[in-house]
Amino acid sequence: AQQQLAHAQKMEMVGRLTGGIAHDFNNMLMVVIGSLERLVPGLADDPKAARRAEMALQAALRCSDMTRRLLTFARRQQLHPEPVDLGALVTGMGELMERTLGGGVAIAIEAPPADAEPLWTASVDRSQAESALLNLVINARDAMPGGGTLCIRTVNTRFEEPQTAHGMSVPAGDYILLSVSDSGCGMPPDVLERAFEPFFTTKETGKGTGLGLAMIHGFVKQSGGLIGIDSTPGAGTTFRLYLPRAAMDALQGPAPDDDGADEAF
Ligand code: ADP
C-alpha cells in the first residue's frame, strides 16, 4: 500500500508538472504561431523563405496539438477531492482577487444571510477549485476593461431532478453553487458555444491561451458537478459552478460546531 501511495503521489507530481509546463509552453507557442502567421504573407516574393516559414508554422501547430493532448492527460491525473468550505475558500482569496482585478473593478463577495442554513461542505480538489475561481476572475477582468462590478456568491442548492448542461450530467441531490458574475462585455452566441473548447480564445495573441474554461470544464465534470452560464452581450456574464456536497457532511447534517471537523477526514 505504501508503494502504491508513493506511485500515486509521483503520478500526481508528474501530472502537475506536465500540466503546468504544457500550459506555459503553449503560451510561448501562441507567440511563435502568431508571429509566423503574420510573417508568411509578407514573404510572397521570396518563395524559399516563405516555404521555410510555412514549415516552421506547421511544426509549431503540431506542437500545439501535442500540448493539447498532454493537458488532457495531465487533467485526468490531478484531482484529489476533499471536503472544502467554498465560502472560506472565496474569502481567503479576496486579496489575490483584488490584486488581479486592479483598481477599476469593484468586488462583492456575498455570504449567505446570517439566519440561513450554514453553507454545506463541497467535495472538490482544493487547488483546482482555487485555480478555477481565479480563472473566472481573470476572464471577468478581461471582459470589463472599462471597470465594472464582480459579484461572487456561494449558496446551498438542491436539484430535485437530474440536470444536464455543456456536456455534463448530474443526478438529483445537494450541490454548492459558486457563482461569478461580471458586468462586462458578455458573449455572443457563437463565442458562448465554443467557450469551453481548448485553445478557443477571442483575446489577442499572447493575452489568452483559451485553456482557462477548458480546464474549468474538466475540473467540474470530474468533480461530478455542473456548469451553467448566462451571458448577455453588452450586459455581462454569470458563470455558475454547482459542486457536489461532501458525503460525510450530508450524513451528519448541519454540524452545530464545525471546529476541527475537516481534520477528521
Ligand atoms: P482565454 O481567457 O485564455 O481566452 P478561456 O477558455 O478562459 O480562455 O475563455 C475563452 C473565451 O471565452 C474568451 O476568450 C472569451 O471570449 C470568452 N469568455 C470567457 N469568460 C468570459 C466573460 N466573463 N465575459 C465575456 N467573455 C468571456
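Fair warning: this is a prediction, and the values are worked out from it, not measured in the lab. (Residues numbered from 1 in each chain as written. Predicted model: local features only at pLDDT ≥ 70, side-chain atom pairs only at ≥ 80, totals over all residues.)

Asks: Looking at this model, I keep getting lost on the site of the ligand. Mind explaining?
Replies: Around the ligand sit 23 residues, and of these Asn-139, Thr-201, Gly-208, Gly-212 and Leu-213 come closest. If you list the elements that add at least two residues to the shell around the ligand, you get helix H5 (126-143) and helix H7 (212-223). A breakdown of the residues in the shell around the ligand according to their chemical character gives ten nonpolar, eleven polar and two charged. (Near = placed C-beta within 6 Å. Helix = DSSP H or I, 4+ residues; strand = E, 2+ residues; numbered from the N terminus. Nonpolar A, V, L, I, M, F, W, Y, C, P; charged D, E, K, R; others polar.)

Asks: Any chance you could explain the nonpolar core here in plain terms?
Replies: Within soluble globular proteins, side chains that are nonpolar generally end up buried alongside one another. Residues Leu-86, Ala-122, Val-137, Ile-176, Leu-241 and Leu-243 are the most contacted members of the largest nonpolar core, which totals 42 residues. When near neighbours in sequence (up to four residues on either side) are disregarded, Leu-241 contacts Ala-132, Leu-178, Val-220, Gly-225 and Ile-227. (Core = buried A, V, L, I, M, F, W, Y, C linked by C-beta atoms within 7 Å. Buried ≥ 20, exposed ≤ 12 C-beta atoms within 10 Å, placed from the backbone. Contact = placed C-beta atoms within 7 Å.)

Asks: Mind showing me how you'd approach the packing of H5 against H7 here?
Replies: Each pair of packed helices can be described by the angle between their axes along with the distance between the axes. In the contact formed by H5 and H7, the axes pass within 10 Å of each other and the chain directions differ by 145 degrees. Where H5 crosses over H7, the handedness of that crossing is left-handed. Contacts between H5 and H7 involve Gln-128, Ala-132, Asn-135, Ile-138 and Asn-139 from the former and Gly-212, Met-215, Ile-216 and Phe-219 from the latter. Grouping the amino acids of the contact of H5 with H7 by side-chain chemistry returns five nonpolar, four polar and no charged. (Axes fitted to C-alpha atoms, helices over the stretch in contact; angles between N-to-C directions. Left-handed = near helix turned anticlockwise from the far one by under 90°.)

Asks: Is there a simple way to explain H7 in this structure?
Replies: Note on helix geometry: an α-helix contains 3.6 residues per turn, so any two residues three or four positions apart are oriented the same way. Spanning twelve residues, H7 covers 17 Å between terminal C-alpha atoms, matching the ideal 16 Å at 1.5 Å per step. Burial analysis of H7 places ten of its twelve residues in the buried class, which makes it a mostly covered element. Every buried residue of H7 is accounted for by Gly-212, Leu-213, Ala-214, Met-215, Ile-216, His-217, Gly-218, Phe-219, Val-220 and Ser-223. Once H7 finishes, Gly-224 follows within two positions and takes phi at roughly 80 degrees, a positive value. (Expected span 1.5 Å × (residues − 1).)

Asks: When you look at the confidence of the model for the chain in this model, what are you seeing that I'm missing?
Replies: Parts of the model with low pLDDT should not have their predicted coordinates read in detail. In this model, the chain carries an average pLDDT of 85, and 84% of its residues clear a pLDDT of 70 or more. Within the chain, the element-level pLDDT minimum falls on helix H8 (residues 247-252), averaging 63, and the maximum on strand E9 (residues 236-244), averaging 98. Our summary of model confidence lists the complex with pTM equal to 0.72 and ipTM equal to 0.98. (pLDDT = per-residue confidence, 0-100.)

Asks: Hey, could you run me through the pairing of strand E4 (residues 148-159) in this one?
Replies: Of the strand pairs in this sheet, strand E2 (residues 105-110) and E4 are connected by six bridges, and their pairing is parallel. Within E4, the position partnered with Ala-106 by the bridge is Thr-149. Where E4 lies against strand E7 (residues 173-182), ten bridges are found, and the strand directions are antiparallel. Across the sheet, the residue bridging to Arg-153 is Ser-179, located in E7. (Pairing = 2+ DSSP bridges.)

Asks: Would you mind going over the packing of helix H4 (residues 94-101) against H5 with me for this structure?
Replies: At a closest axis distance of 9 Å, the pairing of H4 and H5 adopts a crossing angle of 25 degrees. As judged from the angle between their axes, H4 and H5 are roughly parallel. Every pair of crossing elements has a handedness; the one defined by H4 and H5 is right-handed. Of H5, the residues touching H4 (which contributes Met-97, Thr-100 and Leu-101) are Leu-134, Val-137, Ile-138 and Arg-141. Grouping the amino acids of the contact of H4 with H5 by side-chain chemistry returns five nonpolar, one polar and one charged. (Parallel < 35°, antiparallel > 145°, perpendicular 65-115°, else oblique.)

Asks: Sorry if this is basic, but what is going on with the sheet that holds E7 here?
Replies: Hydrogen bonds between backbone atoms are what pair the strands of a sheet, whose relative direction is either parallel or antiparallel. Across the sheet, five strands lie side by side as E2-E4-E7-E9-E8; this open sheet has mixed pairing. For this open sheet the edge positions go to E2 and strand E8 (226-232), each flanked by a neighbour on one side alone. For this sheet, the mean angle separating the axes of adjacent strands, direction not counted, is 15 degrees.

Asks: How should I be thinking about the environment of Ser-223 in this particular structure?
Replies: Note that Ser-223 resides in helix H7. With 23 C-beta atoms packed within 10 Å, Ser-223 lands in the buried category. Separated by 99 residues in sequence, Ser-223 and Val-124 place their C-alpha atoms 6.1 Å apart. The residues contacting Ser-223, other than those within four sequence positions of it, are Leu-79, Pro-81, Val-124, Leu-243 and Pro-244.

Asks: Whenever I open this one, the environment of Gly-173 confuses me. Can you help?
Replies: Tracing the backbone shows Gly-173 in strand E7. Spatially, the C-alpha atom of Gly-173 lies 8.4 Å from that of Arg-245, the residues being 72 residues apart in sequence.

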